[in-house]
Amino acid sequence: MGLEQAPTPAPEIPEVQAETGKKRRPGRNLPIAVGVGLGLGAVVLVSLYTIKEIFLGVVVVFLGVAAWELIRAFGTRSIRIAPVPLMAGGLAMLVCTYVWGTTALVATFALTVLAILLWRLAGGQEGYVRDATASVFAAAYVPFLAGFVVLMLHADDGPNRIIVFIAVTIASDIGGFFAGSFLGSHKMAPAISPKKTWEGFTGSSLTCMVVGGLLLPWLLDGAWWQGVIVGAAAVCSATLGDLIESMIKRDLGIKDMGTLLPEHGGVMDRLDSLLATVPVVWLLFQAFVPA
């Protein structure tokens, strides 16, 4: 009799409904999300095509916020990222890379790592390896990867290069969002990111390759097939970037890195795919349309 009266756990029903009855509906307020995205795009375009140093300043501000979000997120698990070496080293990486190029990016990253290791000495031996490792990870994940954006900016046609890079990455997000929201049914990596589907990945791939095939010949005088390759590479790296940040957030037990951008989360939540994609696109640009 006791077994017959045992109730079915309540949380099971909403979860099933969320994954079946509502899986074809976008999960956020589209007008607000689009408005925020357009606002960010306007800031990027205006700064890119006026004075390059203004865009560099925008990058520094965005990455500073993203790094702070990462510091706070890791802090929820009592992991202490070294704030001063990360912020100062990140600024040095971006500015020195703009002035002196690739060698400066590598050198300033190495110096930032040394500064992190020295800074953490004052905190004692308890958790030293954990905190130092997390700090080096943050330095590599945010300012070092962003340094490849600055390398693109350094070229004479830098603004056009950055536009192509951003466009193919955003195309991955947009194509994947709509295809996944309205057609998605086959989960790609449910243990990491339950909303990602193979249908969404297909939408991302098609959108990325079309955008790359159109923009590379138009803005950088490359061949259309080179643009398709750039798009195909971008969708893979952007998807991996999303999955990597999803895994980080799951490990930390948080939903978003921040709340600064309505319907988008934090700045870091918008930069995850861009940071993973920029070195890939930079390398392909070096091969196809060298500056």
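Just above, that's the structure.
Predicted model only: the values in this text are computed from it and were never measured. (Residues numbered from 1 in each chain as written. Predicted model: local features only at pLDDT ≥ 70, side-chain atom pairs only at ≥ 80, totals over all residues. Heavy atoms only, no water.)

Enquirer: Even after reading the chapter, I still don't get unusual backbone geometry, so can you show me in this structure?
Expert: Generally, phi is negative for residues other than glycine and the peptide bonds are trans, each holding for most cases. Positive phi values are uncommon outside glycine, yet Ser78 reaches one of about 60°. Positionally, Ser78 belongs in the loop between helix H4 (52–75) and helix H5 (83–100). For Asp221, which is not glycine, the phi dihedral falls at a positive 60°. By relative accessible area, Asp221 is classed as exposed at 70%. (Helix = DSSP H or I, 4+ residues; strand = E, 2+ residues; numbered from the N terminus. Buried < 20%, exposed > 50% of the residue type's maximum accessible area, 1.4 Å probe, protein only.)

Enquirer: Would you take a moment to explain the pattern of salt bridges for this structure?
Expert: Under the counting rule described, the total for this entry stands at seven salt bridges. We note a salt bridge from Glu245 to Lys249, for which the minimum N-O separation is 3.8 Å. Within this pair, Glu245 and its partner Lys249 are both found in helix H10 (residues 224–252), separated by four residues, close to a single helical turn. The same class applies to Glu245 and to Lys249, which are both buried. Across the pair Lys249 and Asp269 runs a salt bridge whose closest N-O atoms are separated by 3.0 Å. One end of the pair, Lys249, is in helix H10; the other, Asp269, is in helix H11 (residues 267–288), and 20 residues separate them in sequence. Asp269 gets classed as buried once you look at its relative accessible area, which sits at 4%. (Salt bridge = Lys/Arg side-chain N within 4 Å of Asp/Glu carboxyl O.)

Enquirer: Whenever I open this one, the environment of Ala67 confuses me. Can you help?
Expert: By the secondary structure assignment, Ala67 is in helix H4. Judged by relative accessible area, Ala67 falls into the buried class, the value being 5%. As a C-alpha pair, Ala67 and Tyr141 span 74 residues in sequence and 9.2 Å in three-dimensional space. Sequence-distant contacts of Ala67, that is, excluding residues within four places in its chain, are made with Leu86 and Met87. (Contact = heavy atoms within 4.5 Å.)

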